[in-house]
2 protein chains.
Amino acid sequence: MAVTIKDVARAARVSVASVSRALNGHHSMTAATRKRILAAAKKLRYTPHSAARTLITRRTQTIGALLPDLHGEFFSELIRGIDLAARARGLHLLVSSSHGDAREAATALRAMLGRVDGLLLMSPHVDAGFLRQMRAELPMVLMNSPVKRARCAILNIDNYGGAFAMVQHLVASGRRRIALIGGPDGNFDAVERLRGYNAAMARFAPAIPTQVLPGDFTEEGGYRATGDLVANKLRPQAVFAANDMMAVGCLHALREAGVRVPEDIAVTGFDDVPFARLISPALTTVRVRIADFGAHALERLATMIEDTTDAAREKHAQLLGAELVVRQSCGAKELLVSSAVA
Amino acid sequence: MAVTIKDVARAARVSVASVSRALNGHHSMTAATRKRILAAAKKLRYTPHSAARTLITRRTQTIGALLPDLHGEFFSELIRGIDLAARARGLHLLVSSSHGDAREAATALRAMLGRVDGLLLMSPHVDAGFLRQMRAELPMVLMNSPVKRARCAILNIDNYGGAFAMVQHLVASGRRRIALIGGPDGNFDAVERLRGYNAAMARFAPAIPTQVLPGDFTEEGGYRATGDLVANKLRPQAVFAANDMMAVGCLHALREAGVRVPEDIAVTGFDDVPFARLISPALTTVRVRIADFGAHALERLATMIEDTTDAAREKHAQLLGAELVVRQSCGAKELLVSSAVA
DNA sequence: CTGAAAGCGCTTACAG
DNA sequence: CTGAAAGCGCTTACAG
């Protein structure tokens, strides 16, 4: 990192201003000088000092991603998608993950200020109040956030549409009494999936009462909820677990109770985690294209950064599609249906 | 970001030099001035401009992580561990993942130069030649790398010890004819696991010939290898798949062939991916503490950055322990054994 | 087309 | 203990 723009200028016998212009592709210069400068830069293996450039251009060429403490596959896919899209645009990626509470998230966010040109924000702690307090002038994209009408863009997964499609599918394959094992209170994904379930039930099985069991997104929670179901002989024709882990717990409980899946009852999940197709019976579930989700969010942020005017009207919320993945656990023929496309 | 050190100086009626000293905790100043300065900074919500600071201190307070295209759980755990350790030290984390080839990795690395104080490098493309070409003066920690005697620190997972412990366990529980389904050619993890298998067989079952089947770390590969085994009636007492995915394929193939696990044959894996305990029979495997691996690597890098002299003698390779996780698929009683500790 | 100069926001010897 | 000044490496009006 010892070679600076001065060295290049000296080698090419021009001013540093000309070196800067040549390297940044300004056109007002003779082809000969430009060539000489570029050659000198190459020969000296010159790399501009990014801090110096940032200091004057006010651009870091870096975007920040503030992420919650996510479980495996989802998190890695998300970063992969973001990273791919960022690299394609020549942007760097500063990440910060696992924030237990709002204070930690705020600290992490503040630490990023000045180091990034924009922010991808995904955190259960990021709500309207949080954002108001931050009052950062930075372009931001909220991912999977419950916040409405924020001053920044929002990109959500279509949890509602995915759950809706699942219920529709179950009804179409002959199951009308469908119970839902819900997610944790206040969890945005859980709330949206519940909304989708309720809406689809009202639409496709209006005569049937809905049946919602409390859950918490853990295997144990799915096991417990199903145990209650079996004990009370409230046997629905299908159990829709709001995520795959709970569906696994549900399957265990049913096996112990001697209830056959899918003959006696259908079981479905949400997420399509890697093991969903490995367990038996293979799990019917809803898949989210997570890498696309990340890439999409980055594209949107990049657009906001580049074009302030365009960004202004981009501030409505967008949804990213989820698709039904039909396997053995629901007893229907396999097929794959998109719920929506962003 | 509009408020600068000048504004604080003006508000506190001192020079910018004094503001800088107060904020950086220099001691040569009266408590009164310091207090006045700190109060002014707080009131104005002053945050030092990191680029300006970097330009002069030559420190970015950021470390870079160059990672391969990893599968889910491993990658996310790794980043989680790195991020946690980095945050504890007030360091930022710049990540770049999924590099298909050596050229992409080189480009990514070069792009990070000047933006980071040190580098965590984990990539199948990072070999001795690659490093020589880079000749970066940056502190680096190679993670899970086959490179020997590099000028930088190396931190590896104890694949050898884990595989060794697995074979030892199988022999101890009465299985002597143990076949290994290997990983892809040239894969460092695979090579080390094979070494561990060979060494343990030589040690604990010296009279028994080793039996290594080609594999590729995919479920399909495990299925194929096991198919050959069954077709040729070369029935060992145990199959040790070099990763969990292949063990899953192996279990499928055995089920199809009507071979019972663990009664007729033991099956074990490596990695302890989340579904390992969910399939049936639950898989005996080797677990690696991935988050610790990441945190450890970061600590080591931070030490190198802070203390150049100490770093010099830290350059030997270190191993991070793997532990045996015994479940149903090997037919032994459950227990958990550490293979080694870093 | 090209250069001299100012300035981005900081830190740090150097004086006093 | 405190300040004036130089300088980190770049970019960009402003002249010519």
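Not measured: the values here are computed from a predicted model. (Residues numbered from 1 in each chain as written. Chains lettered and ligands numbered in written order. Predicted model: local features only at pLDDT ≥ 70, side-chain atom pairs only at ≥ 80, totals over all residues. Heavy atoms only, no water.)

> What should I look at first to understand the sheet that holds strand 9 (residues 266-268) of chain A in this one?
Two orientations exist for strands paired in a sheet by backbone hydrogen bonds: parallel and antiparallel. Residues and elements named next belong to chain A. If you trace the four strands from one edge of the open sheet to the other, you get 7-6-8-9, paired in parallel fashion. The strands lining the two open edges of the sheet, one partner per strand, are strand 7 (211-213) and strand 9. Here the strands of the sheet are splayed against their neighbours by 20 degrees on average, with no regard to which way each runs. Relative to strand 9, strand 8 (residues 238-241) runs parallel, the two sharing three bridges. If you follow Phe240 over to strand 9, its bridge partner there is Thr268. Against the sheet, helix 8 (residues 159-172) touches strand 6 (178-181), strand 8 and strand 9, its axis set at about 170 degrees to strand 8. In this fold helix 11 (residues 244-256) packs onto strand 6, strand 8 and strand 9, with an angle of close to 155 degrees to the strand it touches most, strand 9. (Pairing = 2+ DSSP bridges. Helix = DSSP H or I, 4+ residues; strand = E, 2+ residues; numbered from the N terminus. Axes fitted to C-alpha atoms, helices over the stretch in contact; angles between N-to-C directions. Contact = heavy atoms within 4.5 Å.)

> Before we go on, may I ask you to explain the sheet that holds strand 1 (residues 62-66) of chain A in this structure?
Read from one edge to the other, the open sheet built from 12 strands follows the order 11(A)-5(A)-4(A)-3(A)-1(A)-2(A)-2(B)-1(B)-3(B)-4(B)-5(B)-11(B), with strand pairing classed as mixed. Only two strands of the sheet have a single neighbouring strand rather than two, namely strand 11 (317-320) of chain A together with strand 11 (317-320) of chain B. Taking the axes of each pair of neighbouring strands and ignoring which way they run, one obtains an average angle of 25 degrees across the sheet. Direction of pairing for strand 5 (residues 153-157) of chain B relative to strand 11 of chain B: parallel, over a ladder of four bridges. The residue of strand 11 of chain B that forms the bridge with Leu155 of chain B is Gln318 of chain B.

> Just to check I follow, could you spell out the nonpolar core for this structure?
Most often, soluble globular proteins have nonpolar side chains that are buried together. Core analysis: the biggest nonpolar cluster contains 105 residues, and Leu78 and Leu120 of chain A together with Leu78 and Leu120 of chain B have the highest contact counts within it. In contact with Leu78 of chain B, other than residues within four places in its own chain, are Leu67, Leu70, Met122, Met143, Ile290, Phe293 and Gly294 of chain B. The next biggest cluster of nonpolar side chains, apart from the first, holds 48 residues, and it includes Met246 of chain A together with Ile181, Val259 and Leu283 of chain B. (Core = buried A, V, L, I, M, F, W, Y, C linked by side-chain atoms within 4.5 Å. Buried < 20%, exposed > 50% of the residue type's maximum accessible area, 1.4 Å probe, protein only.)

> When you look at the environment of Val261 of chain A in this model, what are you seeing that I'm missing?
Residues and elements named next belong to chain A. Along the chain, Val261 turns up in the loop between helix 11 and strand 9. Sequence separation between Val261 and Cys330 is 69 residues, and the spatial gap between their C-alpha atoms is 7.6 Å. The residues touching Val261, leaving out its near neighbours within four places in the chain, are Leu251, Leu254, Val267, Pro281 and Ser329.

> Mind showing me how you'd approach the domain arrangement of chain A here?
One frequently used descriptor of interface size is the decrease in accessible area upon assembly of the parts. For chain A, the assigned domains are domain 1 (5-57), domain 2 (62-157 + 290-320) and domain 3 (159-289 + 323-339). In this structure, domain 1 of chain A and domain 3 of chain A have C-alpha centres spaced 61 Å apart. (Domains from an automatic or database assignment.)

> Got a minute to help me understand the packing of helix 4 (residues 50-57) of chain A against helix 4 (residues 50-57) of chain B in this structure?
Geometrically, a packed helix pair is captured by the angle between its two axes and the distance between the axes. Between helix 4 of chain A and helix 4 of chain B, whose axes approach to 8 Å, the crossing angle comes to 145 degrees. Both helix 4 of chain A and helix 4 of chain B take part in a crossing whose hand is left-handed. Listed contacts from helix 4 of chain B to Ala51, Ala52, Thr54 and Leu55 of chain A of helix 4 of chain A are Ala51, Ala52, Thr54 and Leu55 of chain B. (Left-handed = near helix turned anticlockwise from the far one by under 90°.)

> It is not clear to me how the interface of chain B and chain A should be interpreted in this structure. Could you clarify?
Counting residues at the interface gives 42 residues for chain B and 42 residues for chain A. Counting each side, the surface lost to burial between chain B and chain A is near 3800 Å², with a carbon and sulfur contribution of 55%. Its largest share of buried area at the contact with chain A, chain B owes to His92, Arg115 and Leu278 of chain B, together 15% of the area lost on that side. Residues Arg87 of chain B and Glu104 of chain A are paired through a salt bridge, measuring 3.9 Å at the closest nitrogen-oxygen approach. Considering every element that reaches the side of chain B that touches chain A, the biggest residue donor is helix 5 (residues 72-88) of chain B, with nine residues. Looking at the side of chain B that touches chain A residue by residue, the class counts come to 16 nonpolar, 14 polar and 12 charged. Bridge count between strand 2 (residues 92-96) of chain A and strand 2 (residues 92-96) of chain B: three bridges; the pairing is antiparallel. Of the residues in strand 2 of chain B, the one forming a bridge with Val95 of chain A is Leu93 of chain B. (Buried area = accessible area lost by both parts, 1.4 Å probe. Salt bridge = Lys/Arg side-chain N within 4 Å of Asp/Glu carboxyl O. Nonpolar A, V, L, I, M, F, W, Y, C, P; charged D, E, K, R; others polar.)

> I'm lost on the relation of the copies chain B and chain A in this one. Help?
Between the two copies of the chain lies a relationship made up of a rotation around an axis and a movement along it. Mapping chain B onto chain A is achieved by rotating through 180 degrees and translating by 0.1 Å along the same axis, at an RMSD of 0.1 Å. The symmetry that links the two subunits is that of a two-fold axis. In this assembly the copies share their binding face: 100% of the residues contributing to the interface of chain B also contribute to that of chain A. (Least-squares fit on C-alpha atoms with pLDDT ≥ 70 in both.)

> Is there a simple way to think about the protein's contact with DNA strand D in this case?
Residues in contact with DNA strand D amount to 28 residues; listed here are only the nearest, Ile5 and Tyr46 of chain A together with Arg21, Ser28 and Ile56 of chain B. When atoms of DNA strand D within 4 Å of the protein are split into backbone and base, the sugar-phosphate part holds 68%. Within the contact set of DNA strand D, a phosphate oxygen lies 2.8 Å away from a side-chain nitrogen or oxygen of Arg53 of chain A. Breaking the surface near DNA strand D down by element, the ones donating at least two residues are helix 2 (16-23) and helix 4 of chain A together with helix 2 (16-23) and helix 4 of chain B. Of the residues forming the surface near DNA strand D, the biggest block, five residues, is contributed by helix 4 of chain A. Partitioned by chemical class, the residues of the surface near DNA strand D number 12 nonpolar, 12 polar and four charged. (Near = heavy atom within 4 Å. Polar contact = N/O pair within 3.5 Å; in protein donor to acceptor, adjacent residues only side chain to side chain.)

> Sorry, what's going on with the pattern of salt bridges here?
It is possible for side chains of opposite charge to pair when their charged atoms get near one another. All names here are of chain A. Under the counting rule described, the total for this entry stands at 32 salt bridges over all chains. Of the charged contacts in the structure, one is a salt bridge between Arg80 and Glu77, with a shortest N-O distance of 3.1 Å. One end of the pair is Arg80 and the other is Glu77, both in helix 5 (residues 72-88) and three residues apart, which spans about a single turn. Here the residues in one salt-bridge network are Asp272, Arg287, Arg289, Glu323 and Arg327, joined through shared partners.

> Would you mind going over the protein's contact with DNA strand C with me for this structure?
Around DNA strand C, 28 residues are found, and the nearest of them are Arg21, Ser28 and Ile56 of chain A together with Ile5 and Tyr46 of chain B. Taking all atoms of DNA strand C within 4 Å of the protein, the share assigned to sugar and phosphate is 67%. At 2.4 Å from a base oxygen of DNA strand C is found a side-chain nitrogen or oxygen belonging to Arg21 of chain A. One of the side-chain N or O atoms of Tyr46 of chain B is found 2.5 Å from a phosphate oxygen in DNA strand C.

> For this particular structure, what's the right way to read helix 12 (residues 290-306) of chain B?
One turn of the α-helix equals 3.6 residues, which is why residues spaced by three or four share an orientation. With 17 residues, helix 12 of chain B extends 25 Å from end C-alpha to end C-alpha; this agrees with the ideal 24 Å at 1.5 Å per step. Of the positions making up helix 12 of chain B, those classed as buried are Ile290, Ala291, Phe293, Gly294, Ala297, Leu298, Arg300, Leu301, Ala302, Met304 and Ile305 of chain B. (Expected span 1.5 Å × (residues − 1).)

> Help me out: how do you make sense of unusual backbone geometry in this one?
Glycine aside, residues mostly have negative phi, and peptide bonds are mostly found in the trans state. Residues and elements named next belong to chain A. Backbone torsion omega between Val261 and Pro262 reads 10 degrees, so that peptide bond is classified as cis. Here the bond from Ser280 into Pro281 is cis, since omega is -5 degrees, no more than 30 degrees from zero. Mapped onto the secondary structure, Pro281 falls in the loop between strand 9 and strand 10 (285-288). In this structure, Asn144 takes a positive phi of about 50 degrees despite not being glycine. Mapped onto the fold, Asn144 is located in the loop between strand 4 (140-143) and strand 5 (153-157). Accessibility expressed as a relative area gives 10% for Asn144, which makes it buried. Unlike most non-glycine residues, Asp272 shows phi in positive territory, near 55 degrees. Here Asp272 falls in the buried class, since its relative accessible area comes to 16%.

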